[in-house]
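One-letter residues, chain by chain:
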4 protein chains.
Amino acid sequence: MSSTTPAPPATQRIFTSDNTAGASPEIVRAVADAARGQDLPYGADRHTAGARARFAEVFGRDVDVLPVSTGSAANALSLAALTPPWGSVLCHRDSHVNTDECGAPEFFTGGAKLVPLSGDDAKIDVEQLRVAAHRRAGDVHSAQPSVVSITQVTETGALYSLDEIRRLSDVAKEAGLRVHMDGARFANAVAALGCTPAELTWQAGVDVLSFGATKNGAMTADAVVVFDRALTPELSFRAKRAGQLTSKARFQSAQLDAYLTDGLWLRNAAHANVMATRLGNGLKALSGARLLHAVDANMLFCHLPQPVIDQLLAEGFAFYHDRWEPGVCRFVTSFSTTEQDVDAFLEAVRRLTS
Amino acid sequence: MSSTTPAPPATQRIFTSDNTAGASPEIVRAVADAARGQDLPYGADRHTAGARARFAEVFGRDVDVLPVSTGSAANALSLAALTPPWGSVLCHRDSHVNTDECGAPEFFTGGAKLVPLSGDDAKIDVEQLRVAAHRRAGDVHSAQPSVVSITQVTETGALYSLDEIRRLSDVAKEAGLRVHMDGARFANAVAALGCTPAELTWQAGVDVLSFGATKNGAMTADAVVVFDRALTPELSFRAKRAGQLTSKARFQSAQLDAYLTDGLWLRNAAHANVMATRLGNGLKALSGARLLHAVDANMLFCHLPQPVIDQLLAEGFAFYHDRWEPGVCRFVTSFSTTEQDVDAFLEAVRRLTS
Amino acid sequence: MSSTTPAPPATQRIFTSDNTAGASPEIVRAVADAARGQDLPYGADRHTAGARARFAEVFGRDVDVLPVSTGSAANALSLAALTPPWGSVLCHRDSHVNTDECGAPEFFTGGAKLVPLSGDDAKIDVEQLRVAAHRRAGDVHSAQPSVVSITQVTETGALYSLDEIRRLSDVAKEAGLRVHMDGARFANAVAALGCTPAELTWQAGVDVLSFGATKNGAMTADAVVVFDRALTPELSFRAKRAGQLTSKARFQSAQLDAYLTDGLWLRNAAHANVMATRLGNGLKALSGARLLHAVDANMLFCHLPQPVIDQLLAEGFAFYHDRWEPGVCRFVTSFSTTEQDVDAFLEAVRRLTS
Amino acid sequence: MSSTTPAPPATQRIFTSDNTAGASPEIVRAVADAARGQDLPYGADRHTAGARARFAEVFGRDVDVLPVSTGSAANALSLAALTPPWGSVLCHRDSHVNTDECGAPEFFTGGAKLVPLSGDDAKIDVEQLRVAAHRRAGDVHSAQPSVVSITQVTETGALYSLDEIRRLSDVAKEAGLRVHMDGARFANAVAALGCTPAELTWQAGVDVLSFGATKNGAMTADAVVVFDRALTPELSFRAKRAGQLTSKARFQSAQLDAYLTDGLWLRNAAHANVMATRLGNGLKALSGARLLHAVDANMLFCHLPQPVIDQLLAEGFAFYHDRWEPGVCRFVTSFSTTEQDVDAFLEAVRRLTS
């Protein structure tokens, strides 16, 4: 992009979220290429056609794809197509759709109700789902169970196994409910489970997927991936109406196309996962740190002594630490996290806890 | 972006809209630069701070800025902050908010009513506004006049003069209404009028501006510019809830920052305007063509014989021609339109009409 | 109701609307009877079963009936079941749903768009409907034509003939639209046309009817009558959610039951119509008055000299007169209007115009 | 109402809810009187003026009153005026607004979030409220705590003391939240506490009250009582738009007027409370029955052996019994419950448990 050689980047010190990363060079290049010349708007362009083909390839079947600018939009649009306004969305109490969207699902659905369920590791307990899926079905005084929303990877960085997904999905389908997957970190899940995208989604009963790309190397491109394609016309109107039909769609599609090309998305995700494992292993070896979960993907929770937390922050490291029990910290790695980043952080913790 | 020298671009043949253009190289570079290293999400990053400063500079005062991914989102969010659900939005019948948003304003406002007014050149007639602004005010049976939405440049490519804006705004303010400007082609208006952005907006009574950048050189970045800053907290919640709070906001802000830097936005717009004038003058000189308006900005309407239209399309030129009276065609130029593009088109028309 | 004999009522002087009347004695009695003893709530009571049977009898087939407390609720609920949020409702520009509901249809539908059509006597012009029913169908940028709403009797007191209803309905059905009838004065229409309720509704293609009773002798009971019964489950949830599922539903159903029993509804309506004809004939005979339409039902518009209007108001007569052209007055008669009421008014006009 | 003397009513056997009762004779008479002659629509009538004066008298100050047709409408309208769409409503998890409105609050508010809190006897725990009232205030990613909704009498028939109300209200006000009271059984609460309506509402910080009358002797009339009168214009538009502005408002107002005249409302409520106490005392004396709470108002929960439940149902008694733990039954008394009704039921239980 520039004739001057950039200086080697300083250690990246922010572990608050994978949304603090920049973008993959392949994606930057794709966007720059897309900037040239004319093309048709609103998804009739070449890059959108390319991205659509790539999605079909990756998911092993034709799917419909609506590029969107945020994960909130992906989730809220998906849910709006899966529940009537008088329906309810069964989700984990700690799920992003329930806690971090400022009511976007309620807005897009026209006032559906989010019903919070519990379960370890931010995973929905299947027995709770079984009860909730039938609760007051047909009773006109109650919001009607309509869709279950499964977050994969979960808010605590845990993974549902394929079996767990299928069990939830079976319960939902038996009760006549639809299945949504919030895949803000879908790539990290696929990379960690070593399964195919198909196995994790439509083959397991998922009707609509919020497909995250932004956190894992893209800039501003996520997507709604529609397996139940009868929903697509409705979703297209909803997307336009929600301000999510981009005129120069090529710039979103170019990101998604590059993301899915040559396995970039899985390489990025696998790298982030490895970095989290490295971080987890490093922390486990330190007597002052206590890991709270196994490290399934690219996020981990760890307990640290408060003075250590304070000093790490003072030294310029950033991470969330005051949202849970005292001493509990969250660390998220990304495609751009380096071994050097992890080791520099571990070195600091080692020094402060010894 | 690539080591190979690209071939010179072929003539750009699409005149359907300025959204068929790519992006300015300065903006591509800014996005590529923004892709490096870590930064804070949700607008706490350096590029957003930079963009905000640039907007303040351009508008001659502090303003609040919410980057959004589409003009539809800019319009619908702005209107939602300016009318209650039981309010009405007074707008031209042909305005984009009334005809081309698939009801996004109705959705974001919670069901406000768009009241279509008439007027030449898609400009709101001030006397019609005067009547409508007071119609059934206080009558609980009727939607309440709440905001006037002014499109500058209009749907037919015409410009409101500063005086015209102020007259509409005065009528609105006297009736207790707020003023919104849909500035999807705001730059083209400023360039054509030779006024300051301040004169065209807050000094003329505009409360909130939909600031378009995408059509004029950016990729996927428009903005809500808030002059009545008391509205900003509400707008921030509304934007998040609408899926318009981008995690990697730096990629939108970098576009906006570069757009406003060193006058790129006005250079681009002035160029597009000049190209439209060139096209208009060329068409005027042809006996088979009949221009329907003066060319104020970067859009023009022209009557052509049907066989000429058919042949132009057959030769690969693209433009809208079947949405109005028979024979009426619309042509839009952009920052990327070249003299060569215009002249090649004029040459074709000349050949076909002679 | 009381042991004392009431004084004979003074002449009724209010002609603003038929909603200024009280209630028919039969309906008062039915409500009083319903007040005794226990019964099940939410429509599982005997009066609701009775009313349902009566509706089936009157319409010549099974129908579903949702009692509601206002005509606004009937209209808004009906439309919400007939259009998606991104749909449009084609209606006459002067129709009640467009002008007098404070946006209730927009609210209940989740932001659908009301598209105003023109036509004489507040009747939708069939050619305008033909165009509007197809306008931008399938275009994701535009609200989608979804339902036509026909007001029978119209806002100017005119009647659609059966043929006119069927023509509108045919155009709608061919374009894939649904048909709603706003029957706030449905009884007056049936009485005036001398047709069956079936002919005027489902046999003419009407899917859902807003059935008005309040204006014609009931107290606070209107109903949504559903011919396309597949819509009923959705309507039931929508009604509950809109605060329209009454716990002591028997009090609404008792009104509707009595209203439809022994032809009360048609007797009341025929009487109101006759009173309007009497008023119209009387006015026609006066040189100072000028009737603006034929008198089809129970409403008429008449031009009077301003001094006459002023004096009539001063003498305590009430009617609308300042909503249209200067001198234009509206008069509405009801089931409770007497010949004495009409003649007293005519006498006053005669005195003032001679 | 009828010239024949009605037979003495059989024992009333339905204890499912107080909404199975008919209406008080005073209210029937008021409605019948209101049926005579003409009056102005939409609340400009004499009965509405009378009702308003009565409310002022009862609450010891001027208040605004919006008659509505259901408690659901009262609650949903009230909440819509007290929270923005991006706000949250803090309420007990078992409250009617959360569990039995089919999402009416979500609909009317434009998608606000109901946040369920816990607490014994369906009363909100004040410490939970303290935490929830501040949770993520100002965080754009989260719905914003905006209003607390207090149900008095609660869903389990318990009463908040005046002190408890004030404590909740103080916590709310310190956090900048508004206070709503769902008073579907407001009269039962006032009668039981022996306080003034003022003490229980505005003097304790309540901004808007859902005032129930239907369950306690009226037919189809509840009301929104507004203490923070700045909210009234907004509420008026919202009510119209929600189909809750009744044309013949006199019929609702006549009910409310009679309800508040000469203490009818408190006599009715006190009677219902006494009947519940009689029932509770009777059940306490039976070894097979186990009361689950003290009897505060007109509702009680009691454990009975399953065979007893089955036999009572078989004998024609009606009550809810399968919504909670096995064997738990709910009994509700009303203004129309007689000693004979209670004693007949107790006699049956005695017989079956002995």
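Going along each chain's sequence as written, the residues are numbered from 1 onward. Going through the entries in the order they are written, you letter the chains from A and number the ligands from 1. Totals for whole chains, interfaces and linings use every residue, but because this is a predicted model, local features are given only for residues with pLDDT of at least 70 and side-chain atom pairs only at 80 or more, for both listing and counting. With hydrogens and water set aside, each side-chain value is computed from the structure's full complement of heavy atoms.

1. Quick notes on the relation of the copies chain A and chain B
In plain terms, the rule: Here the copies are superposed with least squares, the fitted atoms being C-alpha atoms of residues at a pLDDT of at least 70 in both. In what follows, residue pairs with any heavy atoms lying within 4.5 Å of each other are defined as contacts.
Each copy of the sequence occupies a distinct position, and chain A is placed on chain B by a rotation of 180° and an axial shift of 0.0 Å, giving an RMSD of 0.0 Å. Each copy turns onto its partner about a two-fold axis. A shared binding surface is used by both copies, with 100% of the interface residues of chain A retained as interface residues in chain B.

2. Considerations on the relation of the copies chain D and chain C
Once chain D has been moved 0.0 Å along the axis and rotated by 180°, it coincides with chain C to within an RMSD of 0.0 Å. When you check the interface residues of chain D against chain C, 100% turn up at the interface there too, and the contact is symmetric in its surfaces.

3. A short note on the interface of chain A and chain B
One frequent convention defines the size of an interface as the accessible area lost when the parts assemble. Here is the rule we go by: Summed over both partners, buried area is the accessible surface (1.4 Å probe) that two parts give up on being assembled. By definition, a salt bridge exists where a carboxyl oxygen of Asp or Glu is found within 4 Å of a side-chain nitrogen of Lys or Arg. As used in this structure description, the phrase polar contact means that two N or O atoms lie within 3.5 Å; if the pair is within protein, one of them must be able to donate a hydrogen and the other to accept it, and residues adjacent in sequence are counted only when both atoms belong to side chains. Helical segments are the DSSP runs of H or I of at least four residues, strand segments are the runs of E of at least two, and each set is numbered from the N terminus. The residue classification treats Ala, Val, Leu, Ile, Met, Phe, Trp, Tyr, Cys and Pro as nonpolar and Asp, Glu, Lys and Arg as charged. All others, Gly included, are polar.
Counting residues at the interface gives 54 residues for chain A and 54 residues for chain B. Taken together, the two surfaces of chain A and chain B that pack against each other cover about 4700 Å², and 59% of this comes from carbon and sulfur. Here chain A is connected to chain B by two salt bridges. The shortest N-O distance in the salt bridge between E101(B) and K240(A) comes to 3.9 Å. Taken together, chain A and chain B are joined by 37 residue pairs in polar contact (both at pLDDT 80 or more). Looking at the side of chain A that touches chain B, the elements that each hand over two or more residues are helix 1 (25-34), helix 3 (71-82), helix 5 (104-109), helix 10 (232-241) and helix 11 (250-260) of chain A. The residue inventory of the side of chain A that touches chain B, partitioned by class, reads 24 nonpolar, 17 polar and 13 charged.

4. Re the packing of helix 1 (residues 25-34) of chain B against helix 11 (residues 250-260) of chain B
Residue and element names in this part refer to chain B. Rule in force here: Only the contacting stretch of a helix is used when fitting its axis, a line to C-alpha atoms as for every element, and angles between N-to-C directions run 0 to 180 degrees. Left-handed describes a crossing in which the near helix is turned anticlockwise from the far one by less than a right angle; the clockwise case is right-handed.
At their nearest, the axes of helix 1 and helix 11 sit 8 Å apart, and the two run at 145° to each other. Helix-helix and strand crossings are classified by hand; for helix 1 and helix 11 the assignment is right-handed. Contacts between helix 1 and helix 11 involve E26, I27, A30, V31 and A34 from the first element and R250, F251, A254, Q255, A258 and Y259 from the second. In the contact of helix 1 with helix 11, the residues fall into eight nonpolar, one polar and two charged.

5. Description of the side chain of S253(D)
Residue and element names in this part refer to chain D. Formally: Accessible area is worked out with a 1.4 Å probe on protein chains only. A residue is then buried under 20% of its type maximum, exposed over 50%, and partly exposed in between.
Structurally, the position occupied by S253 is in helix 11 (residues 250-260). With relative accessibility at 1%, the residue S253 sits in the buried group. Sequence-distant contacts of S253, that is, excluding residues within four places in its chain, are made with H47, T48, A51 and P67.

6. Digging into the domain arrangement of chain A
Residue and element names in this part refer to chain A. Our working definition: Reported domain spans reflect what an automatic or database domain assignment gives.
Considered domain by domain, chain A is made up of domain 1 (25-263) and domain 2 (264-353). Between the C-alpha centres of domain 1 and domain 2 the distance comes to 28 Å. Between domain 1 and domain 2, the residue contacts involve 29 residues of the former and 17 residues of the latter. Both faces considered, domain 1 and domain 2 share a buried interface measuring about 1800 Å² in area, 57% of it formed by carbon and sulfur atoms. Three residues, R185, N188 and G263, lead the burial of domain 1 against domain 2; their summed loss comes to 25% of the area buried on that side. In this assembly, domain 1 and domain 2 are joined by one salt bridge. Two residues, R267 and E26, come together in a salt bridge whose shortest N-O distance is 3.7 Å. Among the secondary structure elements, those contributing two or more residues to the side of domain 1 that touches domain 2 are helix 1, helix 8 (186-193) and helix 11. Split by residue class, the side of domain 1 that touches domain 2 holds 15 nonpolar, eight polar and six charged.

7. Describing the environment of L200(B)
Residue and element names in this part refer to chain B. Within the fold, L200 resides in helix 9 (residues 197-200). Each C-alpha atom, one on L200 and one on Y160, is 9.6 Å from the other, the two residues being 40 residues apart in sequence. Setting aside chain neighbours within four positions, we find L200 in contact with Q152, L162, I165, M181, F186, A189, V190, L193, C195 and V206.

8. Some points on unusual backbone geometry
Note the cis peptide between Q152(A) and V153(A), where omega equals -5°. One can find V153(A) in the loop between strand 4 (144-151) and helix 7 (162-174). Phi at A122(C) takes a positive value of approximately 60°, unusual for a residue other than glycine. Assignment of secondary structure puts A122(C) in the loop between strand 3 (113-117) and helix 6 (126-134). You can call A122(C) buried: its relative accessible area is 8%.

9. Points about the sheet that holds strand 2 (residues 87-92) of chain B
Residue and element names in this part refer to chain B. Basically, it comes down to this: The pairing criterion is simple: DSSP has to find at least two bridges between the two strands.
Pairing is mixed across the open sheet formed by seven strands, whose spatial order is 1-7-6-5-4-2-3. This sheet does not close on itself; its edge strands, each paired only once, are strand 1 (64-68) and strand 3 (113-117). Across the sheet, the mean angle separating the axes of adjacent strands is 20° when strand polarity is ignored.

10. With respect to the sheet that holds strand 2 (residues 87-92) of chain A
Residue and element names in this part refer to chain A. Strand order in the open sheet made by the seven strands is 1-7-6-5-4-2-3, with mixed pairing throughout. Each edge of the open sheet is held by one strand with a lone partner, namely strand 1 (64-68) and strand 3 (113-117). Within the sheet, the average angular offset between the axes of one strand and its neighbour, ignoring direction, is 20°.

11. Focus on the interface of chain D and chain C
Taken residue by residue, the interface counts 54 residues in chain D and 54 residues in chain C. Inspection of the chain D/chain C interface yields 37 residue pairs in polar contact (both at pLDDT 80 or more). Counting residues per element, the ones that place at least two in the side of chain D that touches chain C are helix 1 (25-34), helix 3 (71-82), helix 5 (104-109), helix 10 (232-241) and helix 11 of chain D. Considering each element in turn, the side of chain D that touches chain C owes the most residues, five residues, to helix 1 of chain D. Of the residues that constitute the side of chain D that touches chain C, the class distribution is 24 nonpolar, 17 polar and 13 charged.

12. Overview of the UniProt feature "domain: Aromatic amino acid beta-eliminating lyase/threonine aldolase" (unreviewed entry) in chain A
The cut-off we apply is this: UniProt positions are given in the numbering used here, feature names are shortened, and annotations may be inferred rather than shown by experiment.
The UniProt record annotates "domain: Aromatic amino acid beta-eliminating lyase/threonine aldolase" (unreviewed entry) at residues 15-301 of chain A. Between the C-alpha atoms that bound residues 15-301 of chain A the distance is 11 Å, and the span itself is 43% helix and 15% strand.

13. Side note on the packing of aromatic side chains
Selection rule: Centre distance within 6.5 Å is the pairing criterion for rings of Phe, Tyr and Trp, where only the six-membered ring of Trp is used; planes under 30 degrees apart are then read as stacked, over 60 as edge-to-face, and the remainder as tilted. The criterion is that NZ of a Lys, or CZ of an Arg, lies within 6 Å of the ring centre and within 35 degrees of the ring normal, and then a charge sits over that ring.
One pass over the full model with this rule turns up 82 aromatic pairs over all chains. Summarising the aromatic geometry, the rings of F211(D) and Y259(D) are spaced 6.0 Å apart at their centres and angled 80° between planes, so their arrangement reads as edge-to-face. Of this pair, F211(D) sits in strand 6 (residues 208-211) while Y259(D) sits in helix 11, placing them 48 residues apart in sequence. Counting every residue linked through ring pairs, the aromatic cluster contains F55(A), F59(A), F186(A), F211(A), F227(A), Y259(A) and W265(A). Note that R13(A) overlies the ring of F317(A), its terminal NZ or CZ placed 4.3 Å from the centroid.

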